[in-house]
Amino acid sequence: MASGVQVADEVCRIFYDMKVRKCSTPDEIKKRKKAVIFCLSADKKCIIVEEGKEILVGDVGVTITDPFKHFVGMLPEKDCRYALYDASFETKESRKEELMFFLWAPELAPLKSKMIYASSKDAIKKKFQGIKHECQANGPEDLNRACIAEKLGGSLIVAFEGCPV
C-alpha cells in the first residue's frame, strides 16, 4: 500500500554517499556517516533527515565507543523511524562493511504512526537501490547483536562491530 509520501533529495544524497564511499583522505573518512536516522516531516508528506541523528565514522572510538549501541539509543521509544547503518562485520574468511536499512516501529508508537511508516517504506526503499539487508524492529530486543548477525549472514558471522557474536 503506497502512502504518497515523498523522499527528500537530501535523504537520497546521504544514501548515495554512504553506499559509494568515495572517501580518500583521513578527514573525508572521518566525515563519512556511520548511521543516519530519517523521519517524516511535520506534515507527514516527506521523508527527511532527522536533525542531529547521525553518527560519523570519525566519532567512533573518540566520543562513541560502541556505535551500534549508540545508534539503538538514538531511536525514539514512542515513535517510528527509518535508518541506514553502515555495518562492520566479520566472517571466518573476511571483514565486510554493508549498509543495513531499518524500519523502527516500537510497540509504544501510536498506531497511526506505525501505519504511515509501514505504508511509506516502499517509497524510501525504491530510492535505496542495492540494499542487501533490511531489518524491521519493534523493540530493543530486536536490535541485539545476535539478531543483527542473523540478518547479515547467520552462522557465518563471527563478529559485529568488533565484538564476537
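Reading guide: rules and limits
Residues numbered from 1 in each chain as written. Predicted model: local features only at pLDDT ≥ 70, side-chain atom pairs only at ≥ 80, totals over all residues. Heavy atoms only, no water. UniProt positions renumbered as here; feature names shortened; annotations may be inferred. Phe/Tyr/Trp six-rings, centres within 6.5 Å; stacked < 30°, edge-to-face > 60°. Helix = DSSP H or I, 4+ residues; strand = E, 2+ residues; numbered from the N terminus. Buried < 20%, exposed > 50% of the residue type's maximum accessible area, 1.4 Å probe, protein only. Pairing = 2+ DSSP bridges. Salt bridge = Lys/Arg side-chain N within 4 Å of Asp/Glu carboxyl O. Expected span 1.5 Å × (residues − 1). Bend = angle between axes of the 7 residues up to and from the residue.

- With an unreviewed UniProt entry as reference, the chain is termed ADF-H domain-containing protein, source organism Saimiri boliviensis boliviensis.
- Turning to the chain, the UniProt annotation filed under Sequence similarities (unreviewed entry) states: "Belongs to the actin-binding proteins ADF family."

### Observations regarding the packing of aromatic side chains
Item 1. All told, the structure shown has 11 aromatic pairs when counted by the stated rule.
Item 2. Judged by centre distance (5.3 Å) and plane angle (55°), the ring pair of Phe 71 and Phe 102 falls under tilted. Of this pair, Phe 71 sits in helix α3 (residues 67-74) while Phe 102 sits in strand β5 (residues 95-104); the two residues are 31 residues apart in sequence, bridging distant segments of the chain.
Item 3. Among the residues examined, Phe 71 registers a relative accessible area of 0% and is labelled buried.
Item 4. Among the aromatic residues, ring-to-ring pairing joins Phe 15, Phe 38, Tyr 82, Phe 101, Tyr 117 and Phe 128 into one connected group.

### Regarding the pairing of strand β2 (residues 33-40)
Item 1. Of all 8 residues making up β2, 8 are buried, and the element is well covered by its neighbours.
Item 2. With 6 bridges joining them, β2 and strand β3 (residues 46-56) adopt antiparallel strand pairing. Each bridged residue has a counterpart across the sheet, and for Cys 39 the counterpart in β3 is Ile 48.
Item 3. Linking two consecutive strands that pair antiparallel, namely β2 and β3, is a turn of 5 residues; a positive phi of about 65° is found at Lys 44 within it.
Item 4. Pairing between β2 and strand β4 (residues 81-91): 4 bridges, direction antiparallel. Bridge pairing links Val 36 to Leu 84 in β4.

### Remarks on the pattern of salt bridges
Item 1. The full count for this structure, using the stated rule, is 13 salt bridges.
Item 2. With its nearest N and O atoms 2.4 Å apart, the salt bridge here joins Arg 145 to Asp 66. Remark: Asp 66 occurs in the loop between β3 and α3 and Arg 145 occurs in helix α5 (residues 145-152); sequence separation between them is 79 residues.

### Brief notes about helix α4 (residues 111-127)
Item 1. A rise of 1.5 Å per residue sets the reference length of α4, with its 17 residues, at 24 Å; its end C-alpha atoms lie 25 Å apart and thus fit the reference within 8%.
Item 2. Maximum bend of α4: about 35°, positioned at Ser 120.
Item 3. Along α4, the positions that sit buried rather than exposed are Ser 113, Tyr 117, Ser 119, Ser 120, Lys 121 and Ile 124.

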